[in-house]
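Architecture at a glance
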Amino acid sequence: MLKHDIIIVGGGLAGLRAALAVSGADVAVISRVHPLRSHSVAAQGGINVALGKTDRWEDHAFDTIKGGDYLADQDAVALLCKDAPERVIEMERWGTLFSRTDEGMIAQRPFGGAGYPRTAYAEDRTGHALLHTMYEQALKNGIRFYEEWLVTRLVVKTPYLNTGTNNGRCSGVVGYNIADGKIEGFLAKAVIFATGGYGRIYKRSTNSIINTGFGCAVAYRSGAALEDMEFVQFHPTTLYGTNILITEGARGEGGFLTNKNGERFMACYSPHLLDLAPRDIVARAIQTEINERRGFDGGYVNLDLTYLGAQKIKERLPGIRQIAMDFANIDPIKEPIPIQLAQHYSMGGIASNKDCETSIAGFFVCGECSCISVHGANRLGGNSLLETIVFGKIAGENAEKYADNTEFEKIDIMEKEVHGESQRISALLGKNEGEAFFEIRDELKEVMDEKVGIFRDEENLKAALDNISELKIRYGNVCVRNKGKIFNQELVNALELEGMLDIAETICLGALARKESRGSHYRLDYPERDDKNWLKHTLVTFAPDGARIDYKPVKITMYKPQPREY
Ligand SMILES: Cc1cc2nc3c(=O)[nH]c(=O)nc-3n(C[C@H](O)[C@H](O)[C@H](O)COP(=O)(O)OP(=O)(O)OC[C@H]3O[C@@H](n4cnc5c(N)ncnc54)[C@H](O)[C@@H]3O)c2cc1C
């Protein structure tokens, strides 16, 4: 059995920032992949921060709240925007090479839904620059890493199961060592999940293959509530066919969208912000153009950067140019890039307050797996990287405070959990007949793409729920053919699939119940926002006999809801 005061699950920006915030306690980071392979490394366009001479954190907060269609908790948004300058400058002092203005200041570009050029960036590889800096700091601070371990269980004494009260206490996690197949208990006084998003339950997604949402699923099965899961962000501009992200920064630098008639159609959908309207609006506009046959055959529109000129593209968007040339054989200096939308970000996640606490004592969350909720119904580009470093720090500090005042739980609870997980995994490996995991997984992805996409309605959401129930039954018959212990990725995938089915179900339940359109959640049968009935957060809690839905109020402390026009 392993033992640390604080266990952090996740080696991306949020997890590493949390680890660096722990000053005295013994801390360890567990990650399914080497930390530098976390999805944070893929972030492109930049990070929002009010650094400009006439910019203010209150303006940043307003843009964020309006961008999120008034569903964000405004106390948390205030914290995010106020702390941004200190956190971003800290990254710069630690070594992140941000792009510069001619005067040598940190350069900032316009981004969607923002009233000011507020997005600091390192070319179009901002996540790469930030994550490497953070990892260097973690190494310098001697943080203990457990790489290529999959956490399969959160250990909770008196789990919070369908009781509506907060009576559980977290005492560690169970991990599966992918390298040798060993199952081990990690006893801890406090646990932080920074396990990232769940984009890969969709077929078309910009996310890394590892973004299956397994952390959220593990927390859900242990009694933590999932919040606002129906809010799934679709990015307007991903490369046609492969769905590799083409950053919003490309439009921030002056690129624009055109349909097959050569029209700049965003003028019809967002007369003021045009191509830099928030993502939900641009994504729906693109899909509407395609649905109304103004897109190109096959279902795409063009993102035109040719007017920017070779120098600007090479200096500011070298990664985008490389992606377009390598994956579509197109040089954006000379030709427009064919784009379509794809799943991109998970606004929902493990329910938490602005102190990163959950309904389970000793269990904290931060980063994309959490729903603190700073993004509300739609995240603005550039706010997610910011969330990881602001709330990563808060999670680390608060977990340490909690750990300082608590003792390790008795070892027998952990032994029981390890035994339970070992039996579960042996049973999965013991089956010699049944269905391959990927058949179920691929069907799930199809269902999510087709029925729980950017435009939703009751009929399709109900059908999706029926499909998912059937897939869950089929999962009971899944057979892992690789019986080996060393790097058994088939087993890892099969374990994660159960969680993916849970996550998909919570999205559909929230989406079916929410009879309005708000931010990324658009119901064709209820096209208007309905503040009277739906200005509230959805909470879904696991129970063996079926998930339960509750609601909680939105914290409105700064800006009252207004019509959302751009
Ligand atoms: C292509 C792309 C571009 C983006 N560009 C931007 C941008 O320009 N600006 C912006 O603000 N945002 C951007 N985002 C969003 C942003 O990058 C992410 O939301 C953010 O980096 C998430 O960080 P994280 O630390 O929460 O999670 P991640 O970086 O995803 O890390 C998750 C970690 O959890 C670990 N993990 C998960 N489950 C388990 C488990 N069960 N056991 C053990 N370990 C586990 C993984 O190994 C990984 O280390 C982009 C996202 C994508 C996909």
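It should be emphasised that the depicted structure is a prediction, and the values quoted were computed from it without experimental measurement.

**Remarks on the overall build of the chain**
When helices and strands are tallied, the chain shows 16 helices and 19 strands. Over its C-alpha atoms the chain spans a radius of gyration of 22 Å, differing by no more than 12% from the 24 Å that the globule rule assigns to 566 residues. Scored against the burial criterion, the 566 residues of the chain give a buried share of 62%. Of the contacts made within the chain by residues no fewer than 6 positions apart, 74% connect residues no fewer than 24 positions apart. Side chains of the chain give 67 positive and 77 negative charges; the mean places of these two sets differ by 1 Å.

**A few points about the pattern of salt bridges**
Applying the stated criterion across every chain, the model contains 51 salt bridges. Across the pair Glu409 and Lys157 runs a salt bridge whose closest N-O atoms are separated by 3.7 Å. Pair noted here: Glu409 is in the loop between helix H11 (383-404) and helix H12 (411-430) and Lys157 is in strand S7 (residues 149-157), with a separation of 252 residues, a long-range link. Its relative accessible area of 38% is what places Lys157 among the partly exposed residues. Where Glu292 meets Arg294, a salt bridge forms, and the shortest distance between an N and an O atom there is 2.8 Å. By sharing partners, the salt bridges in this structure join Asp69, Glu230, Asp280, Arg284, Arg514, Glu516, Arg518, Arg529, Asp531 and Arg564 into a single network.

**Re the sheet that holds strand S19 (residues 548-553)**
The strand order S17-S15-S10-S18-S19 describes an open sheet built from 5 strands, whose pairing is mixed. What marks the edges here is a single partner per strand, and that holds for strand S17 (370-371) and S19. Alignment of strand S10 (residues 226-227) against strand S18 (residues 536-541), held across 2 bridges, turns out to be antiparallel. Bridging across to S18, Glu227 finds its partner in Leu539. Sheet strands in contact with helix H5 (residues 214-221) are S10, strand S15 (349-351) and S18, and its direction is about 35° off that of S15.

**Side note on the nonpolar core**
Of all hydrophobic cores here, the largest spans 103 residues; its most connected members are Leu154, Val173, Phe193, Ile350, Phe363, Met448 and Ile507. Looking at which element gives the most residues to this core, the answer is helix H15 (residues 489-513), with 13 residues. Core analysis: the second largest hydrophobic core is formed by 53 residues, Val29, Val374, Ile389 and Phe391 among them.

**So, the site of the ligand**
As a matter of local geometry, the ligand sits amid 38 residues, with Ser38, His39, Ser40, Glu368 and Ser384 nearest to it. Contact distances for the ligand include 3.0 Å between a nitrogen atom and a backbone N or O atom of Arg32. One of the backbone nitrogen or oxygen atoms of Ala194 is found 3.5 Å away from an oxygen atom of the ligand. Out of a free accessible area of 1000 Å², the ligand has 98% covered by protein chains. Only helix H1 (13-21), strand S2 (27-31), S7, strand S14 (337-346) and H11 provide two or more residues apiece to the shell around the ligand. Broken down by element, the residue count for the shell around the ligand peaks at 4 residues, all from H11. Here the shell around the ligand is composed, by residue class, of 15 nonpolar, 20 polar and 3 charged.

**Some words on the pairing of strand S11 (residues 232-239)**
By the criterion of burial, S11 is predominantly enclosed, with 8 of the 8 residues buried. Sheet topology places S11 next to S14; 6 bridges connect them, and they run antiparallel. Paired with Gln233 across the bridge in S14 is Tyr345.

**Overview of helix H4 (residues 126-140)**
In this model H4 runs 21 Å from its N-terminal to its C-terminal C-alpha over 15 residues, within 8% of the 21 Å that 1.5 Å per residue would give. Of all the residues in H4, the buried ones are Thr126, Gly127, Ala129, Leu130, Leu131, Thr133, Met134, Tyr135, Gln137 and Ala138. Summarising the contacts, the buried residues of H4 are in contact with H1, strand S3 (47-48), helix H3 (74-94), strand S5 (119-120), strand S6 (144-147) and H11. Within two residues after H4, Gly142 carries a phi angle of roughly 65°, on the positive side.

**Focus: the environment of Ile65**
Take Ile65: it is sitting in helix H2 (residues 57-67). In sequence terms Ile65 and Arg118 are 53 residues apart; their C-alpha atoms lie 15 Å from each other. If near-sequence neighbours (up to four positions away) are discounted, Ile65 is found in contact with Tyr70, Gln74, Val77 and Tyr559.

**Side note on the packing of H5 against H15**
Interaxial distance between H5 and H15 falls to 8 Å at its minimum, and their mutual angle equals 80°. Classified by the interaxial angle, the pair formed by H5 and H15 is roughly perpendicular. Where H5 approaches H15, its residues Phe214, Cys216, Ala217, Tyr220 and Arg221 are matched on the opposing element by Leu495, Glu496, Glu498, Gly499, Asp502, Ile503 and Thr506. Residues belonging to the contact of H5 with H15 are distributed by class as follows: 6 nonpolar, 2 polar and 4 charged.

Rules behind the numbers
- Residues numbered from 1 in each chain as written.
- Predicted model: local features only at pLDDT ≥ 70, side-chain atom pairs only at ≥ 80, totals over all residues.
- Heavy atoms only, no water.
- Helix = DSSP H or I, 4+ residues; strand = E, 2+ residues; numbered from the N terminus.
- Rg over C-alpha atoms; globule rule 2.2 N^0.38 Å.
- Buried < 20%, exposed > 50% of the residue type's maximum accessible area, 1.4 Å probe, protein only.
- Contact = heavy atoms within 4.5 Å.
- Lys, Arg positive; Asp, Glu negative; His and termini not counted.
- Charge placed at Lys NZ, Arg CZ, Asp CG, Glu CD.
- Salt bridge = Lys/Arg side-chain N within 4 Å of Asp/Glu carboxyl O.
- Pairing = 2+ DSSP bridges.
- Axes fitted to C-alpha atoms, helices over the stretch in contact; angles between N-to-C directions.
- Core = buried A, V, L, I, M, F, W, Y, C linked by side-chain atoms within 4.5 Å.
- Near = heavy atom within 4 Å.
- Polar contact = N/O pair within 3.5 Å; in protein donor to acceptor, adjacent residues only side chain to side chain.
- Areas by Shrake-Rupley, 256 points an atom, 1.4 Å probe, with all protein chains shown as cover.
- Nonpolar A, V, L, I, M, F, W, Y, C, P; charged D, E, K, R; others polar.
- Expected span 1.5 Å × (residues − 1).
- Parallel < 35°, antiparallel > 145°, perpendicular 65-115°, else oblique.

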